[in-house]
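Coordinate inspection notes
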Amino acid sequence: MQEEQQQEPMPRIPLPSHIPEGARLVVRVADGIDEYSGRPQFRDFVGHVRSWDGVTLALTRDASANGRRPAEDVAIDARTIVRLKPVPERPKRRVQPEQ
């Protein structure tokens, strides 16, 4: 008989009381447990803060660099956040002069 393993919840990180509107962040959230390996899964969001009330982070997620995913507004529950880090703006793409 195989015993079920109890999965501990992801450790909570201390979150700031204030995040300035417009700040660009990468936010890593817990996305459950992989059913095959039993390891935690994560999802990353990169974008600009619209609002933060200590419970929900409203973020405008950046469009993907290759254009496959458009920008979108997301609401992230603070209880799922495992990492939060400011990141610089993407460099502007230089337009090649036509020859």
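Below, the structure is looked at part by part. If you're wondering where the values come from, they're calculated on a predicted model, not measured in any experiment. (Residues numbered from 1 in each chain as written. Predicted model: local features only at pLDDT ≥ 70, side-chain atom pairs only at ≥ 80, totals over all residues. Heavy atoms only, no water.)

1. Some remarks on the overall build of the protein
- Scanning the protein for helices and strands turns up 0 helices and 5 strands.
- Moving toward the C terminus, one meets the helices and strands of the protein in the order β-β-β-β-β.
- Considering only intrachain contacts with a sequence separation of at least 6, the fraction spanning at least 24 residues in the protein is 50%.
- Counting only carbon and sulfur atoms, one obtains 49% of the accessible surface of the protein, whose full area is about 8,300 Å². (Helix = DSSP H or I, 4+ residues; strand = E, 2+ residues; numbered from the N terminus. Contact = heavy atoms within 4.5 Å. Areas by Shrake-Rupley, 256 points an atom, 1.4 Å probe, with all protein chains shown as cover.)

2. Section: the environment of Thr 56
- Inspection of the secondary structure puts Thr 56 in strand 3 (residues 56–61).
- Placed 22 residues apart in sequence, Thr 56 and Ala 78 show a C-alpha to C-alpha distance of 5.5 Å.
- Other than its neighbours up to four places away in sequence, Thr 56 contacts Ser 51, Ala 75 and Ile 76.

3. Section: the pattern of salt bridges
- One pass over the full model with this rule turns up 6 salt bridges.
- The partner of Arg 43 in a salt bridge is Asp 31, and the shortest N-O contact between them spans 3.4 Å. Highlighted residues: Arg 43 in strand 2 (residues 40–52) and Asp 31 in strand 1 (residues 24–33), separated in sequence by 12 residues.
- Owing to a relative accessible area of 42%, Arg 43 belongs among the partly exposed residues under this scheme. (Salt bridge = Lys/Arg side-chain N within 4 Å of Asp/Glu carboxyl O. Buried < 20%, exposed > 50% of the residue type's maximum accessible area, 1.4 Å probe, protein only.)

4. Things to note about the sheet that holds strand 4 (residues 72–77)
- Spatial strand order, 4-3-2-1-5: 5 strands in an open sheet with antiparallel pairing. Each edge of the open sheet is held by one strand with a lone partner, namely strand 4 and strand 5 (81–86). Geometrically, the sheet is characterised by an average inter-axis angle of 40° between neighbouring strands, direction not taken into account.
- As judged from the 5 bridges shared by strand 1 and strand 5, these two strands associate in the antiparallel manner. Bridge pairing in strand 5 links Arg 28 to Arg 83. (Pairing = 2+ DSSP bridges. Axes fitted to C-alpha atoms, helices over the stretch in contact; angles between N-to-C directions.)

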